[in-house]
Amino acid sequence: MHWISSLIILAVFNQAHCSGVFELRLKSFVNKFGKDSAGQCCSGERTDPCTGPCRTRFRICLKHYQVKIDTTSPCTFGDVITPVLGENTVQLSDSKKEEFKNPIRFNFDFTWPGTFSLIVEAWHDNANTTGVGSKTLITRLTTQQWLDVGMEWHEEEDKSSHSALSYEYRVMCDEHYYGPGCANLCRPRNDQFGHYTCSPQGDRVCSDGWQGDYCTKPRCAPGCDEQHGHCNKPNECLCHNGWKGPLCDQCERYPGCLHGTCQKPWDCLCNEGWGGLFCNQDLNYCTNHKPCRHGGTCFNTGQGSYTCNCPPGFTGTDCEKEIDDCAHQPCLNGGSCQDTGHGYTCECPKNWHGTHCENSTQTCDDQPCENGGSCEDTPTGYRCHCVPGYTGIDCDHQIDDCASNPCRNGATCIDKVNGYECTCPSGFTGTNCETNIDDCNGNPCLNGGTCIDLVNNYRCQCVPGFLGTLCDKKVDYCLAKPCANGGICMNLVNDYRCSCRPGFSGKDCSIDIDECASNPCLNGGTCIDLVNNYRCQCVPGFLGTLCDKKVDYCLAKPCANGGICMNLVNDYRCS
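All of these numbers come straight from a predicted model, not from anything done at the bench.

Definitions and cut-offs
All residue numbers refer to position in the chain's written sequence, counted from 1. Local features in a predicted model are, by the rule used here, given only for residues with pLDDT of at least 70; side-chain atom pairs are given and counted only at 80 or more, and totals for whole chains, interfaces and linings are based on all residues. Excluding hydrogens and water, the side-chain figures rest on all heavy atoms present in the structure. Secondary structure elements follow DSSP: runs of H or I of four or more residues count as helices, runs of E of two or more count as strands, with numbering from the N terminus. Exposure is judged per residue with a 1.4 Å probe applied to protein chains only, and the accessible area is read against the type maximum: over 50% gives exposed, under 20% gives buried, and values in between give partly exposed. Working rule for contacts: check all heavy atoms of both residues, and any pair within 4.5 Å makes them a contact. We get accessible surface area from the Shrake-Rupley algorithm with a probe of 1.4 Å; when it comes to residues, only the shown protein chains can shield them. When DSSP finds two or more bridges between two strands, those strands count as paired. Working convention: axes come from line fits to C-alpha atoms, limited for helices to the stretch in contact. Angles between N-to-C directions cover 0 to 180 degrees. In plain terms, two cysteine sulfur atoms within 2.5 Å form what is called a disulfide here. Remark: nonpolar core denotes a set of buried residues (Ala, Val, Leu, Ile, Met, Phe, Trp, Tyr, Cys) joined through side-chain atoms within 4.5 Å. Known as pLDDT, the predictor's per-residue confidence is scaled from 0 to 100. Ring pairs shown here join Phe, Tyr and Trp side chains whose ring centres sit within 6.5 Å, with only the six-membered ring taken for Trp; geometry is labelled stacked below 30 degrees between planes, edge-to-face above 60, and tilted in between. Put simply, a charge is over a ring when the Lys NZ or the Arg CZ is close to the ring centre, within 6 Å, and near the line of the ring normal, within 35 degrees. UniProt positions are given in the numbering used here, feature names are shortened, and annotations may be inferred rather than shown by experiment. In this entry, domain limits derive from an automatic or database-based domain assignment. Buried area: the accessible area, evaluated with a 1.4 Å probe, that two parts lose upon being put together, summed over both parts. Basic side-chain nitrogens of Lys or Arg form a salt bridge, by our definition, when they fall within 4 Å of a carboxyl oxygen of Asp or Glu. Identification of polar contacts relies on pairs of N or O atoms within 3.5 Å, with a donor-acceptor requirement for protein atoms, meaning one able to donate a hydrogen and the other able to accept it, and with residues adjacent in sequence counted only if both atoms are side-chain atoms. Gly counts as polar in this scheme, as do all residues outside two lists: the nonpolar Ala, Val, Leu, Ile, Met, Phe, Trp, Tyr, Cys and Pro, and the charged Asp, Glu, Lys and Arg.

## Examining the overall build of the protein chain
A tally of helices and strands in the protein chain yields one helix and 56 strands. Buried positions account for 33% of the 575 residues belonging to the protein chain. For the protein chain, the share of sequence-separated contacts (at least 6 apart) that also reach a separation of at least 24 residues comes to 34%. As presented, the protein chain carries roughly 34,400 Å² of accessible surface, and 49% of it is formed by carbon and sulfur atoms.

Laid out in structure tokens, this is it:
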């Protein structure tokens, strides 16, 4: 009876890791005459009726199923001793007091076997304390039952010759545990490792838009082509290279294809009447476009080409130009040409005459040459020899040296006499602003970055692992939190390393180490892998952490009338 000296619960289970709980609710206890199991007064009196009451406390022992319940062997599921709860009549209700909580809970972290043995003892406490003192057994209840997991209470009443005990019990799964033995773990989540809730049976139920065993694969937009499209999140449809359209079911034509279609990516299948690599050559250009004007006759000369035979008086590729006898500017010295339809005439300015205004009425004596030009008399008049920078009959026009656009890269040209000057935009230099200033001079990029010269600027192309304008910032790969299951991330150059918590391994600590790989369980026991641990589920007849202990059924002394007990595996034999 050594257990009476302590109120310590012999089977302690961690609530955070339990898979279920057995609950026992004591409802009432009636010991009307105040007597113990031997029929004597609890108060020690030898009178009848007893005048002193029994001070009643209870011991509850929960253990595995036993054909014959042994009240002296350990309580494998749990052992609880209550304080003194009353006297001869004890009416109990739900209680959450620290010294006694009703219902009494026995947490377990294994698969519920569906059977149990229960011992409930009522004791008289002479000292009315939780310390060592004289204790007397009032009554003892022993029972073994089949019990399935469920919310329903199972009510029982046990009566002895002088007492009655009313109680009820049930077994329930802990949060996130399901199934008939509370062995199916399902914890809802919505992160990179899964998007699901749990069914009443503990099966994973994927959230809307997700699929797969662990609900990590998104469901693409309805109709998204499975071969030519994919998605990174639900209801998305991202096309593979060469495909387009809302559902990625339309092929991309070859770039530059004008009048063609495709049946697979990068096709350019020409429409009727078109040819060429890009389907841009009209095979019947004359009929489709009628390019010849003013009555010109069109002739197809090949793929997308033609010629026009123009009527008299017209010319040009499409006969679009009327022939102009003045086009070759036959009139000289500023004379005005007039097209007569059958030739031309020149209307000469003052001081000029002749068919082409080629004869001058002036001489060098009239000093016609301007801007320092020198004059020379000729049989037809005079001729001016201009100094550099000037032109014209009388050297009266300054030559525009900017007319040929000599300044490059958007520079501004300033015309000068017999020359020009370029005003360069930022980033360029040289006479014509043709030289791009090298902004990479001095190599401003750090950490092995390559400098790419731009206009009045530069850009650093960083090596992997660095970023920033000057490649001066190290990429922090730990910002994405790649380490799973509580692993600690250590940032490296262009990489990271995870320091995993015990029980996990792998690049991102996503691999649960199988502690059962070494087959630690003996005697046919089944190993159940846990996080950084394991648990052995023994076959009947064995127990212990490694199932290395044989159950001794002879300890209960089952053999009556002097029979000798011989212990067997999961049984015994009396001789």
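Alright, that's what it looks like, and here's the rest.
## Some thoughts on the sheet that holds strand β2 (residues 56-63)
The strands that make up a sheet are held in pairs by hydrogen bonds between backbone atoms, and each pair lies either parallel or antiparallel. Taken in spatial order, the four strands make up an open sheet running β3-β2-β8-β9, and their pairing is antiparallel. Every interior strand has two partners, whereas the edge strands, β3 (78-81) and β9 (135-146), have only one. Strand after strand, the sheet turns through a mean of 10° between neighbouring axes, direction not considered. Of the strand pairs in this sheet, β2 and β3 are connected by four bridges, and their pairing is antiparallel. If you follow Arg59 over to β3, its bridge partner there is Ile81.

## Topic: the state of the cysteines
Enumeration over the complete set of coordinates arrives at 35 disulfides. Disulfide pairing places Cys61 opposite Cys75 at an S-S distance of 1.9 Å. Disulfide Cys61-Cys75: the torsion about the S-S bond is -120°, which places it as left-handed. Of this pair, Cys61 sits in strand β2 while Cys75 is found in the loop between β2 and β3, placing the two residues 14 residues apart along the sequence. Sulfur-sulfur distance for the disulfide between Cys310 and Cys319 comes to 2.0 Å. Disulfide Cys310-Cys319: the torsion about the S-S bond is -95°, which places it as left-handed. The class for Cys319 is buried, based on a relative accessible area of 0%.

## Some points on the nonpolar core
In terms of nonpolar packing, the biggest core is built from 32 residues, with Phe22, Leu24, Ile60 and Phe116 touching the most fellow members. Of all the elements in the fold, those that place two or more residues in this core are β1 (20-30), β2, β7 (104-108), β8 (115-125), β9 and β11 (164-173). Setting aside chain neighbours within four positions, we find Leu24 in contact with Ile60, Asn102, Pro103, Ile104, Leu118, Val120, Tyr167, Glu168 and Tyr169. Counting nine residues, the second-largest nonpolar core is a separate cluster that includes Cys357, Cys364, Tyr382 and Cys384.

## Points about the environment of Cys364
Within the secondary structure, Cys364 is located in the loop between β34 (359-360) and β35 (374-378). A relative accessible area of 15% means that Cys364 is categorised as buried. In the structure, Cys364 is positioned 157 residues away from Cys521 in sequence and 128 Å away in space, judged by C-alpha atoms. Among residues more than four places away in sequence, those in contact with Cys364 are Cys375, Glu376, Asp377 and Tyr382.

## Some points on the sheet that holds strand β15 (residues 194-198)
Strand order in the open sheet formed by three strands is β14-β15-β16, with antiparallel pairing between adjacent strands. Each edge of the open sheet is held by one strand with a lone partner, namely β14 (189-191) and β16 (204-206). On average, adjacent strands in this sheet sit at an angle of 35° to one another, irrespective of strand direction. With three bridges connecting them, β15 and β16 associate as antiparallel partners. Looking at β16, one finds that Tyr196 is bridged to Cys206.

## Regarding the confidence of the model for the protein chain
Across the protein chain, pLDDT averages 86, with 94% of residues at or above 70. Note on residues 1-16: pLDDT is under 50 here. Beyond four places in sequence and across chains, it has 29 contacts. This model gives residues 128-132 a pLDDT under 50, and the stretch forms seven contacts once residues within four places in sequence are excluded.

## Description of the packing of aromatic side chains
Within this structure, the stated rule accounts for 13 aromatic pairs. Here a set of aromatic residues connected by ring pairs shows up, and it is made of Phe22, Phe77, Phe106, Phe108, Phe110, Trp112, Phe116, Tyr167 and Tyr169. The aromatic ring of Trp153 is capped on one face by Arg25, whose charged end is 4.0 Å from the ring centroid. The ring of Tyr196 has Arg204 sitting right over it, with the charged end atom 5.9 Å from the ring centre.

## Details of the pairing of strand β51 (residues 526-530)
Pairing of β51 with strand β52 (residues 533-537) involves five bridges; the strand directions are antiparallel. The partner of Cys527 across the bridge, within β52, is Cys536. Linking β51 to β52, which pair antiparallel, is a turn of two residues; within it Asn532 sits at a positive phi near 60°.

## What about the UniProt feature "domain: EGF-like" (unreviewed entry) in the protein chain?
Within this numbering scheme, the UniProt entry marks residues 282-320, 322-358, 360-396, 398-434, 436-472, 474-510, 512-548 and 550-575 as carrying the feature "domain: EGF-like" (unreviewed entry). With 0% helix and 35% strand, residues 398-434 has end C-alpha atoms that lie 26 Å from one another. For residues 436-472, helix accounts for 0% and strand for 35%, while the C-alpha atoms at its two ends are 26 Å apart.

## Description of the domain arrangement of the protein chain
The domain boundaries assigned to the protein chain delineate domain 1 (20-178), domain 2 (284-322), domain 3 (364-398), domain 4 (400-437) and domain 5 (516-574). The C-alpha centroid of domain 5 is placed 28 Å from the C-alpha centroid of domain 1. Every contact between the two is made by five residues of domain 1 and, on the other side, six residues of domain 5. Across the domain 1/domain 5 interface, buried area totals approximately 400 Å², and carbon plus sulfur atoms make up 48% of it. For the interface between domain 1 and domain 5, the tally reads zero salt bridges. Inspection of the domain 1/domain 5 interface yields one residue pair in polar contact (both at pLDDT 80 or more). Here the side of domain 1 that touches domain 5 is built from residues that sort into one nonpolar, one polar and three charged.

## Some points on the pattern of salt bridges
Within this structure, the stated rule accounts for 14 salt bridges. Across the pair Arg25 and Glu168 runs a salt bridge whose closest N-O atoms are separated by 2.5 Å. Here Arg25, found in strand β1, pairs with Glu168, found in strand β11; they are 143 residues apart in sequence, far enough to count as distant. Glu168 shares its class with Arg25; the two are buried. Note that Arg189 is salt-bridged to Asp191, the shortest N-O span being 3.0 Å. Residue classification places Arg189 among the partly exposed residues on the basis of a relative accessible area of 33%. Its relative accessible area of 30% is what places Asp191 among the partly exposed residues.

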